[in-house]
Amino acid sequence: MFRRILSLFGGFPGEIMSHDLDRIDLEILRLLQADGRLSNIDLANQVNVSPATCHRRTQRLFAEGYIGSVRAMIAPSRVGLGAVALVGVVLDRSTPESFAMFEQAVMGLKMVLDCHLVAGDFDYLLKIRVRDLPDFNRLHAETLIALPGVRQARTFFVMKEVKDSGPLDIGCE
């Protein structure tokens, strides 16, 4: 009985418990996804709980991995990174070792924003942000084709970003 009562208040200090998300948790996620700078008091007011309860719930959402991080969305063109390329990569071998070597190498490339193992014509799809076409050309010649196991790289330049990093539809509202 004591454990059940304690679980209502967030459990033992430092204990990570697995919970199903309720309406309030989903609303906290939705609001933070829209504005990660919300103060705990503003967040608590918007979900109609006390600040202490809101803080406890938010900390649990972090601890259980529902929220990975909170960060600023920087305007790429304002910092000189206005060009986006999507690069489809085909490896010369489809083995776990080839994939691991490629993935490890890509993790060290700051200009690669996203790397996805995909099904279809490519093994991987990379999203790369650079200053301009000459910058990408240098990157391609010096780095991309030299990545471990790369047999082919096909590049698609983004003409217009219609929707980028949209919020997740988490089913509340």
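Residues numbered from 1 in each chain as written. Predicted model: local features only at pLDDT ≥ 70, side-chain atom pairs only at ≥ 80, totals over all residues. Heavy atoms only, no water.

(A) The arrangement of the packing of helix α2 (residues 23–34) against helix α4 (residues 51–63) in detail. Axis separation between α2 and α4 bottoms out at 11 Å; the angle between their running directions is 75°. One way to sum up the angle between α2 and α4 is to call them roughly perpendicular. Residues Ile-24, Asp-25, Ile-28, Leu-29 and Leu-32 of α2 form the contact with α4, whose participating residues are Cys-54, Arg-57, Thr-58, Arg-60 and Leu-61. Along the lines of polarity and charge, the residues of the contact of α2 with α4 split into six nonpolar, one polar and three charged. (Axes fitted to C-alpha atoms, helices over the stretch in contact; angles between N-to-C directions. Helix = DSSP H or I, 4+ residues; strand = E, 2+ residues; numbered from the N terminus. Parallel < 35°, antiparallel > 145°, perpendicular 65-115°, else oblique. Contact = heavy atoms within 4.5 Å. Nonpolar A, V, L, I, M, F, W, Y, C, P; charged D, E, K, R; others polar.)

(B) Representation of the packing of aromatic side chains within the structure. All told, the structure shown has four aromatic pairs when counted by the stated rule. Here Phe-99 and Tyr-124 contribute two aromatic rings whose centre-to-centre distance is 5.8 Å and whose plane-to-plane angle is 80°, an arrangement assigned as edge-to-face. Placement of Phe-99 in helix α5 (residues 96–107) and of Tyr-124 in strand β3 (residues 124–130) is noted, with a sequence separation of 25 residues between them. For Tyr-124, a relative accessible area of 1% gives the class buried. On the basis of an interplanar angle of 75° and a centroid distance of 6.3 Å, the ring pair of Phe-122 and Phe-156 is categorised as edge-to-face. With Phe-122 in the loop between β2 (112–117) and β3 and Phe-156 in strand β4 (residues 150–157), this residue pair connects regions lying 34 residues apart in the sequence. Taking the relative accessible area as the measure of exposure, Phe-156 reaches 37% and is therefore partly exposed. (Phe/Tyr/Trp six-rings, centres within 6.5 Å; stacked < 30°, edge-to-face > 60°. Buried < 20%, exposed > 50% of the residue type's maximum accessible area, 1.4 Å probe, protein only.)

(C) Fine view of the pairing of β3. Counted residue by residue, β3 has six buried out of seven residues, so it is predominantly covered. Bridge count between strand β1 (residues 83–91) and β3: seven bridges; the pairing is antiparallel. Within β3, the residue paired with Gly-88 across the bridge is Leu-125. Relative to β3, β2 is paired through five bridges, and the arrangement is antiparallel. If you follow His-116 over to β3, its bridge partner there is Leu-125. A loop of six residues connects β2 with β3, the two strands running antiparallel in sequence, and Gly-120 in this loop sits at a positive phi of about 125°. (Pairing = 2+ DSSP bridges.)

(D) Geometry of the side chain of Asp-25. Mapped onto the fold, Asp-25 is located in helix α2. In terms of polar contacts, Asp-25 uses its side chain to reach the side chain of Arg-57, at 2.8 Å. (Polar contact = N/O pair within 3.5 Å; in protein donor to acceptor, adjacent residues only side chain to side chain.)

(E) Layout of the layout of surface pockets. Approximately 1,500 Å³ is the volume found for the largest pocket. Mapped onto the lining of the largest pocket, the elements with two or more residues apiece are α2, β2 and β3. For the lining of the largest pocket, the leading source of residues is α2, giving five residues. Looking at the lining of the largest pocket residue by residue, the class counts come to 18 nonpolar, seven polar and 12 charged. (1 Å grid on protein atoms, 1.4 Å probe; cavity = no way out; pocket = protein on both sides within 12 Å on 5 of 7 lines; lining within 4 Å. Points joined across faces, edges and corners; volume = space filled by probe spheres on them.)

(F) Spotlight on α5. The terminal C-alpha atoms of α5 lie 16 Å apart, and with 12 residues this matches the ideal 16 Å at 1.5 Å per residue to within 8%. Ser-98, Phe-99, Phe-102 and Val-106 are the residues of α5 that are buried. In an axial view of α5, the angular spread of the buried residues amounts to 95°, which keeps them on one side of the axis. Those residues of α5 that are exposed and aimed more than 90 degrees away from the buried face are Pro-96, Glu-97, Gln-104 and Met-107. Against β1, β2, β3 and β4 lie the buried residues of α5. (Expected span 1.5 Å × (residues − 1). Arc of directions from axis to C-beta.)

(G) Structural detail: a nonpolar patch on the surface. Taken together, the side chains of Ile-74, Val-79 and Leu-81 present a nonpolar region at the surface, about 270 Å² in accessible area. Within the element layout of this structure, Val-79 appears in the loop between α4 and β1. Residue class for Val-79 comes out exposed when judged on its relative accessible area of 51%. (Patch = residues over 30% accessible without salt bridge, like charges linked within 9 Å, V, L, I, M, F, W, Y side chains within 5 Å. Areas by Shrake-Rupley, 256 points an atom, 1.4 Å probe, with all protein chains shown as cover. Salt bridge = Lys/Arg side-chain N within 4 Å of Asp/Glu carboxyl O.)

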